[in-house]
Each structure stands twice: as C-alpha cells, then as structure tokens.
Amino acid sequence: MEIVPLADAEQVARLAADVVEGLVRARRGSAVLGLATGSTPLPTYRELIRRHRAGSGPSYDGVRCFTLDEYVGLPAGHPESYRATIARELTDPLGIPADRVHGPSPDPDQLATAGERYEEALRAAGGVDVQILGIGTDGHLAFNEPGSSLASLTRLKTLTEETRRDNARFFGSVAEVPRHVLTQGLGTILRARHLLLLATGAAKAAALAAAVEGPLSASCPASVLQLHPHVTVLADGSAAAGLARRDHYREVYAAKPAWQGL
Ligand code: PGA
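Reading guide: rules and limits
- Residues numbered from 1 in each chain as written.
- Predicted model: local features only at pLDDT ≥ 70, side-chain atom pairs only at ≥ 80, totals over all residues.
- Heavy atoms only, no water.
- Core = buried A, V, L, I, M, F, W, Y, C linked by side-chain atoms within 4.5 Å.
- Buried < 20%, exposed > 50% of the residue type's maximum accessible area, 1.4 Å probe, protein only.
- Helix = DSSP H or I, 4+ residues; strand = E, 2+ residues; numbered from the N terminus.
- Contact = heavy atoms within 4.5 Å.
- Pairing = 2+ DSSP bridges.
- Axes fitted to C-alpha atoms, helices over the stretch in contact; angles between N-to-C directions.
- Parallel < 35°, antiparallel > 145°, perpendicular 65-115°, else oblique.
- Left-handed = near helix turned anticlockwise from the far one by under 90°.
- Nonpolar A, V, L, I, M, F, W, Y, C, P; charged D, E, K, R; others polar.
- Near = heavy atom within 4 Å.
- Polar contact = N/O pair within 3.5 Å; in protein donor to acceptor, adjacent residues only side chain to side chain.
- Areas by Shrake-Rupley, 256 points an atom, 1.4 Å probe, with all protein chains shown as cover.

## Some thoughts on the nonpolar core
Reasoning step 1: Counting residues in hydrophobic clusters, the biggest one holds 65 residues, and the most contacted among them are Leu33, Tyr45, Leu141 and Leu234.
Reasoning step 2: The dominant element in this core, judged by the number of residues it contributes, is helix α1 (residues 9-27), at eight residues.
Reasoning step 3: In this structure Leu141 touches Leu133, Gly134, Leu186, Ile189, Leu197, Pro221, Ala222, Val224 and Leu225, once residues within four positions along its chain are discounted.
Reasoning step 4: Counting residues in each nonpolar core, the second largest holds eight residues, with Tyr71, Phe143, Leu159 and Val181 among its members.

## Remarks on the pairing of strand β6 (residues 130-133)
Each regular strand displays side chains that alternate between the two surfaces of the sheet.
Reasoning step 1: Neither face of β6 is open: one carries Val130 and Ile132, the other Gln131 and Leu133, and all of them are buried.
Reasoning step 2: Of the pairings in the sheet, the one linking strand β2 (residues 32-35) to β6 comprises two bridges and is parallel in character. Each bridged residue has a counterpart across the sheet, and for Leu33 the counterpart in β6 is Val130.
Reasoning step 3: Sheet analysis places β6 next to strand β9 (residues 194-199), joined by four bridges and oriented parallel. Residue pairing for β9: Leu133 is matched across the bridge by Leu197.

## What to know about the sheet that holds β2
Reasoning step 1: Taking strand neighbours across the sheet as the criterion, the seven strands line up as β1-β10-β9-β6-β2-β3-β5 in an open arrangement whose pairing is parallel. Of all the strands in the sheet, the pair left with one neighbour each is β1 (2-5) and β5 (101-102).

## What about the packing of helix α2 (residues 42-54) against helix α3 (residues 82-94)?
Reasoning step 1: In contact at an axis separation of 9 Å, α2 and α3 are set at 20 degrees when each is read in the N-to-C sense. It follows from the interaxial angle that α2 and α3 lie roughly parallel. α3 is crossed by α2, and the crossing has left-handed handedness. Contacts between α2 and α3 involve Leu42, Tyr45, Leu48, Ile49, His52 and Arg53 from the first element and Ile86, Glu89, Leu90, Pro93 and Leu94 from the second.
Reasoning step 2: Per-class residue counts for the contact of α2 with α3 are eight nonpolar, one polar and two charged.

## A word on the sheet that holds strand β4 (residues 69-72)
Reasoning step 1: An order of β4-β8-β7 is seen for the three strands of this open sheet, with the pairing classed as antiparallel. Two strands close off the open sheet at either side, each with one partner strand: β4 and β7 (155-158). Pairs of neighbouring strands in the sheet enclose a mean axial angle of 30 degrees, with direction left out of account.
Reasoning step 2: In the sheet, β7 pairs with strand β8 (residues 180-183) via four bridges, with the strands oriented antiparallel.

## Section: the site of the ligand
Reasoning step 1: All residues in the neighbourhood of the ligand are listed as Gly38, Ser39, Thr40, Gly134, Ile135, Gly136, His140, Arg169 and Lys204.
Reasoning step 2: A distance of 2.6 Å separates an oxygen atom of the ligand from a polar side-chain atom of His140.
Reasoning step 3: Isolated, the ligand exposes 280 Å² of accessible area, and the fraction of that covered by the protein chains is 82%.
Reasoning step 4: Residue composition of the shell around the ligand, grouped by class: one nonpolar, six polar and two charged.

So yeah, pure geometry; function would need other evidence.
Spelled out as structure tokens, the structure:
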C-alpha cells in the first residue's frame, strides 16, 4: 500500500484527479472507471469537471463507468439514487453518456439476480482500471459493513444504523434512508487493478488507521485493502492523524522517483 498524507482536501482532489486523467489518457477511450458516491470524492469530481471545462482534461469518449453500489427501494429517478447522483456530480458534466455508466440494478422484480448480473457486466467490461473509494466511519468499504466476508461479491445488504445516520444528511431524515442496498463485495473491489482510497476529515482518522495499520479483519472491511497489490491512499492531515507511521509515509512519498507515478 502507498499511503500519501497530504495537507488538505484540495490536494487530495488534485492528486486523485491526476490519477483518473492519467488512466483515461493512457487507455485512450477504453478506460473503465470505478466511481464512488458520498461526500469524499466530490472535490475530486469537481476538479475533473473544472479541468474538462477549461479544456485541459482528456477526452472521455469511450470511457465506461461502474458505480460501487445503489440503494434499494427508492422510487425510480430519485435524486439521491446513486445513478442520479453520479450523473449529476460527474458523468453528465464530463459528457459521458448514461449508457456508459453502470450500477447494480435495484429493480424490485429482479433483486435476487442483481448481484450476479452486475458481476457479469463488470467481467464483460474487462474489469475496473481504477476504483475510487471512500471509507465509512465504521470502516466500511462501499456498503460492506463490518462482518462482511472479505471474499464477498455483489449482493443485497442491510445498512447499519450508524451508516443510515451518516447518510441521513442526503435525505430529509434517518427514516427516509433506505434499509437495503446492492453493493459490490470486497472480493469484487479487490479485482479492480488500482484502488484509490480517499479519506478527508477527522471523523475518518480512526477507521483509516484501523484499515491500513490494524489487523486484516472482517470487523474492519476496509482492512481488505492490505491484500491488494496496488492501493493508493490519499489522506488529508486530519484523516491521517491517527496513523502511527505517518512520518514514514511522508518521507517515502517525498523521496519517490517521479517516473513511478502513483
Ligand atoms: P463519505 O462516505 O464520503 O460521505 O464520508 C464514505 C463511505 O461511506 O464510504
């Protein structure tokens, strides 16, 4: 794992945008992006849109996107569905057409096979090149809550009260946050070729420390990152505050040969 402690959320966004743009340029129209929702990636998405509008970004023609998860039980087209959210916050402004943006289907009549079908769609696309991730205050990754199998695949999950409370800010109240979701499993996420975990704010400090320096355990789903060969963690000062080896990570990043990239 490469842990990069940065000064603030703006630096996290700039560096994350560099990684996404670098991949899109390198794959020349065949890039597969794994997108996360939640508050953490928003500054990165805004930076990508800013560069796109300024004319300095890459062409997104041909780029395909896969989201990590989706609420179950919201009316179709609900503004807080992850399909609507990712279109509004990123893919529409970048000009990526809706038929190139995929998510697990919450269609109530086909929920039993939704996970398998999403796994198949990911495989058919050749897998995700770079997967953007946030981390929950309880250590969850996507909607894989503590106790999730480290080998899990896309499936229906029940949200904890903590996560529903965390997400209530996007809805009118906790009661309006759905209880069920479809989420890529931890095993699904591990198949992406590059994992880019973004963590900002003091509320993430304990979860981030447990994920990268604690034991590998289903009790901290994000600790599964320790099994992946190419993980980059971009953390602002507050989120990195709980890392015991913070100074070491800084030293390593400062001395990194430029040709290596992230
Ligand atoms: P956040 O959520 O980015 O809104 O803090 C992260 C997560 O729950 O994975």
